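Each chain is listed here by its residues.
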Amino acid sequence: MEPLVSIRNLTVDFDLGRRVSRALRGVDLTIGRGEAVGLVGESGCGKSITWLGILGLLGGRAKVHGEAWLDGRNLVGAPVSELERVRGKRIALIFQDPSSSLNPVHRIGRQLTEALKLHRGLSGAEAKAEALRLLDRVGIPAARQRMNDYPHQLSGGMNQRVMIAMALAGEPDLLVADEPTTALDATIQAQILDLLREIREDSNMAMVLISHDLGVVAENTDRVAVMYAGRIVEQAPNNLLFERPRHPYTRGLLNALPDLEGPREPLTAIPGSVPEPWNHPAGCAFAPRCDHAHGACHSEIPSLARRDGHHLSACLRTEEMLGHMLDDVSDREPARSYA
Amino acid sequence: MIRFILSRGLRAVVTIFLVVTFAFIVLRLSGDPAMQILSVDAPPEAIAAFRNEWGLNQPIWQQFLDYLLNVLHGNFGDSMREGRPAMDIVLEHVGATLMITLPALALKIVIGIPAGIYAALHRNSLADRMTMMISVAGFTVPSFVLALVLVLIFSVHLGWLPSTGNATWKHAILPIVTLGTAGAAILARFTRSAMLEVLGQSYIRAASAKGLIWRQVVTGHALPNAAIPTVTIVGFMIGSLIAGAVVVESVFSWPGIGYLLISAVANRDLAIVQSILLLIALCMVCANLVVDLLYGWIDPRVRLRSAH
Ligand SMILES: Nc1ncnc2c1ncn2[C@@H]1O[C@H](COP(=O)(O)OP(=O)(O)O)[C@@H](O)[C@H]1O
Ligand SMILES: [Mg+2]
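If you're wondering where the values come from, they're calculated on a predicted model, not measured in any experiment. (Residues numbered from 1 in each chain as written. Chains lettered and ligands numbered in written order. Predicted model: local features only at pLDDT ≥ 70, side-chain atom pairs only at ≥ 80, totals over all residues. Heavy atoms only, no water.)

*Asks:* What's the story with the layout of surface pockets in this structure? I'm lost.
*Replies:* Where empty space is left becomes clear once a probe the size of a water molecule has been rolled over the atoms. Roughly 1,200 Å³ of volume is contained in the largest pocket. As for the largest pocket, its lining consists of 34 residues, of which Leu57(A), Leu58(A), Gly59(A), Gly60(A) and Trp214(B) are closest to the centre. Elements supplying a minimum of two residues to the lining of the largest pocket: helix H1 (47-54), strand S4 (62-70) and helix H2 (80-86) of chain A together with helix H5 (86-121), helix H8 (170-199) and helix H9 (202-209) of chain B. In terms of residue count, the dominant contributor to the lining of the largest pocket is H9(B) (4 residues). Broken down by class, the residue content of the lining of the largest pocket amounts to 19 nonpolar, 10 polar and 5 charged. (1 Å grid on protein atoms, 1.4 Å probe; cavity = no way out; pocket = protein on both sides within 12 Å on 5 of 7 lines; lining within 4 Å. Points joined across faces, edges and corners; volume = space filled by probe spheres on them. Helix = DSSP H or I, 4+ residues; strand = E, 2+ residues; numbered from the N terminus. Nonpolar A, V, L, I, M, F, W, Y, C, P; charged D, E, K, R; others polar.)

*Asks:* What am I meant to see in the packing of aromatic side chains here?
*Replies:* Centre distance and the angle of the planes are the two values used to describe a pair of aromatic rings. Residues and elements named next belong to chain A. Counting across every chain of the model gives 8 aromatic pairs over all chains. Relative to phenylalanine 286, the ring of tyrosine 228 lies with its centre 5.1 Å away and its plane at 85°, an arrangement referred to as edge-to-face. Within this pair, whereas tyrosine 228 is found in strand S9 (residues 223-228), its partner phenylalanine 286 is found in the loop between helix H11 (248-255) and strand S11 (305-308), the two being separated by 58 residues in sequence. Assessed through its relative accessible area of 2%, tyrosine 228 is described here as buried. (Phe/Tyr/Trp six-rings, centres within 6.5 Å; stacked < 30°, edge-to-face > 60°. Buried < 20%, exposed > 50% of the residue type's maximum accessible area, 1.4 Å probe, protein only.)

*Asks:* What am I meant to see in the interface of chain A and chain B here?
*Replies:* By a widely used convention, the size of an interface equals the accessible area lost when the partners come together. The interface of chain A with chain B comprises 28 residues on the first partner and 23 residues on the second. For the pairing of chain A and chain B, the buried interface totals around 2,100 Å² over both sides, and the portion due to carbon and sulfur atoms is 59%. Our count for the chain A to chain B interface comes out at 1 salt bridge. The interface formed by chain A and chain B contains 10 residue pairs in polar contact (both at pLDDT 80 or more). Those elements that place two or more of their residues in the side of chain A that touches chain B are helix H3 (98-101), helix H4 (108-120) and helix H7 (156-169) of chain A. For the side of chain A that touches chain B, the element with the most residues is H4(A), which contributes 6 residues. Within the side of chain A that touches chain B, the residues separate by chemical class into 13 nonpolar, 9 polar and 6 charged. (Contact = heavy atoms within 4.5 Å. Buried area = accessible area lost by both parts, 1.4 Å probe. Salt bridge = Lys/Arg side-chain N within 4 Å of Asp/Glu carboxyl O. Polar contact = N/O pair within 3.5 Å; in protein donor to acceptor, adjacent residues only side chain to side chain.)

*Asks:* I would appreciate a short explanation of unusual backbone geometry in the present structure.
*Replies:* Among all residues save glycine, negative phi is the norm, and among peptide bonds the norm is trans. With phi around 45°, Ala229(A) is a residue other than glycine that occupies positive phi space. You can see Ala229(A) is positioned in the loop between S9 and strand S10 (231-237). Taking relative accessible area as the criterion, Ala229(A) reaches 8% and is therefore assigned buried. Look at Asn124(B): it is not a glycine, yet its phi comes out positive at around 70°. Turning to its location among the elements, Asn124(B) is positioned in the loop between H5 and helix H6 (126-140).

*Asks:* I'm lost on the side chain of Arg192(B) in this one. Help?
*Replies:* For Arg192(B), the position within the fold is in helix H8. Not counting the four nearest positions on each side in its chain, Arg192(B) is found in contact with Gly116(B), Ala119(B), Ala120(B), Arg123(B), Asp128(B) and Met132(B).

*Asks:* Whenever I open this one, the packing of H5(B) against helix H10 (residues 214-239) of chain B confuses me. Can you help?
*Replies:* Packed helices, taken two at a time, are described by the angle between their axes plus the distance between the axes. All names here are of chain B. Remark: H5 packs on H10, axes separated minimally by 11 Å, with the N-to-C direction vectors making an angle of 140°. Between H5 and H10, the interaxial angle falls into the category oblique. Between H5 and H10 the crossing geometry is right-handed. Contacts between H5 and H10 pair Leu105, Lys108, Ile109, Ile113, Ile117 and Leu121 from the former with Trp214, Val218, Leu223, Thr230, Val234, Met237 and Ile238 from the latter. Class assignment for the residues of the contact of H5 with H10 results in 11 nonpolar, 1 polar and 1 charged. (Axes fitted to C-alpha atoms, helices over the stretch in contact; angles between N-to-C directions. Parallel < 35°, antiparallel > 145°, perpendicular 65-115°, else oblique. Left-handed = near helix turned anticlockwise from the far one by under 90°.)

Here's what the structure looks like:
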C-alpha cells in the first residue's frame, strides 16, 4: 500500500517549567492511502498528542521531534503556514467531546461554511448548499433548520455528526478520529462508527481511529497499533492481532474485554497503572506490570521488531513466550467475538 | 423576551425602592438637620419652626409616605440649604461629573481591553508580566493616593497642569487620568483572564485543527466568546459613571455629583442626598438591565434559555 503519512521516531516533550516531561518516546507508524488504522491504549499513553504534535496543535510548551512525512515533506519543524494548509485539508481531526469542540456562540451553519470557505473557496449560496449537502451526508435530519441552531441545541451525537461534516468539508486524505464515540452512549456510538465506515467506503479517505477500547477498533479498522507509555508496543493487521496477540500488554487489554458470546466471566484488568512520564522505568515500560518480565526486561528497551510478516511487537520475551501465550488465548477464543 | 424584560424591570423597581427606603431611614436616624443647618446654639423657637416647616416633627413613617408620594409625582423635595428643588441642583452637577467620567471610561476601554487581549495572547511574555504588574499596581493603589502622586508630579513639580477646580479643560486632565488608570487596570486584568479562559477551551484547538490561521481563530472564535464576561464589567463601569468619581472629585475639588454628595452629607441636606442616591441607583439598575439584554444578544445560550 502506498504510504500517506510516515511517522518516524516521533517524540514529544512538555516543558513544565521545573522539569521536562517526555510524553512520547519515539513513535513509528505508517498510514497507507485509504487505510483504516486503530490506535489503542490506556488513557494517557500518548495517542492524542501523536497527532496533535504532528499538526503543531500542542502549544508552545511542547517540543516535537522526529519525522512525519506527508508528500515528501516533513511536518515536524515545518513552518506554521505549511501546517495550516495541512490541517483540515490533508489531515482532519475530530475529537472526543463534540459538544465542546464547537464554538457555543456561533450557529452550526456558520461554523460549517467557515470550513468550506477555507478549504474550497465557497461562499454565499454555494457554501450554504454544500453545507446542507454535508449535513445530509452525515445523517442529520432537517438539515436546513439545524444550520440555524447553536451547538447546545443539538445532542452529543448530532454535534459529532456536525464535526464529521466539518472534517469532510476539506475532503481530507486522512481523518484522525480521536475517541469519537467515548462521550456518547452505546447506540449512538454504533451509529457514528457506521457513518465513519460508510464515508470511508465511498471516499477512499484513510482513517486513524483512536480508542482506549480494542472492541471499538476491531470492527472498524484494517490494522491496529497498540500504544503504551509513549511508544507503540505492538502493531499488526486486525486478524493477527486479535487471534495471536504477542505483547503481554495487548494480551492484558484483550483479557480485560468482555467476551460477548462466551459465558460471563469477571474482567481481568491489568494490575498496576501506567508509569508517569517523569517516573519512567529504565527498561521496558510495561515490565513493572508484566507477569513475564525478568532480568533484561528491567534494563533494556525492546524495539518494535518485525517477527513475521506484518506483525510487529516490542517485547524481549516474545519468542520464549509465544507458545504459552497462544495456548492461553485459544482457550478463550476471543477473536470470534470481535471479528 | 417580553417576560424577560418585564421580570428584569420589576427587579429594577424593587432595587430602587430598597435603596430609597434605606437611604431615607439611615439619613433620618443619623442626625438632626436642624442643628446642622441652623447651628447648635440657635434659639429653640427657630429650631422648632424649622422642624415644623420641613415636616421633621412628624413620625418617620408619615415622613416616608409623604416622600414616596412626592417622588411618584416627580417631586424630589427641596434643598434645605438653598430652598429650591433638590433634583434641579443635582442635575446641574451631572454634567461636570460626566465631563470627567466619560473620557475616563473611554480611556479604560481603549487601554484596558487591548492590553488584556495582548497579555493573554502573549502569556508569560515580558509584555504580559509588565502589563500585569502595572495592572496590579493600578488597582491596589487607592485612587486618592494616585491622585496625590499625579498632583505632586504634574502640578507641584513640573507645573504643567492645575490641581484643583474646573476653570479650563486642563483642569480635567488629572481627574480623568486618575479615574482612567485604575479602571484600565481592572479591565486589563479582567479581559486577560476572560481571554485565557476562552483560549483554553476545546473549540479553540478544534478551530485551529480545522485549518484556520491563528488570527482568524482569535478574531472569530476567541474574542466573541471573551466579550461575554467583559461586557459585564464594562456595564458596571457605565453604571458607575455618575457615582464612581466621589473620591477623585473631592481630591481635585471638581464640582460634580460626588463633590455635591460629600457636602450635602456634611450639611445634612436630606433631599439632595436622597436625590443623588436615587439617581445613582437608577443608573446602576439601567446599566444592569442593558448588560442583561446585551448578554442575551451575545450569548445564544442565555438568549435561548430565557426565551422558554
Ligand atoms: N499540555 C500538556 N502538558 C503536559 N503534559 C501533557 C499535555 N498534554 C498531554 N500531556 C501528557 O501527555 C501524555 C499523553 O497524553 P494524551 O496523548 O492526551 O493521552 P491519550 O493516549 O489518552 O490520548 C499524558 O501523560 C499527559 O499527561
Ligand atoms: Mg486522548
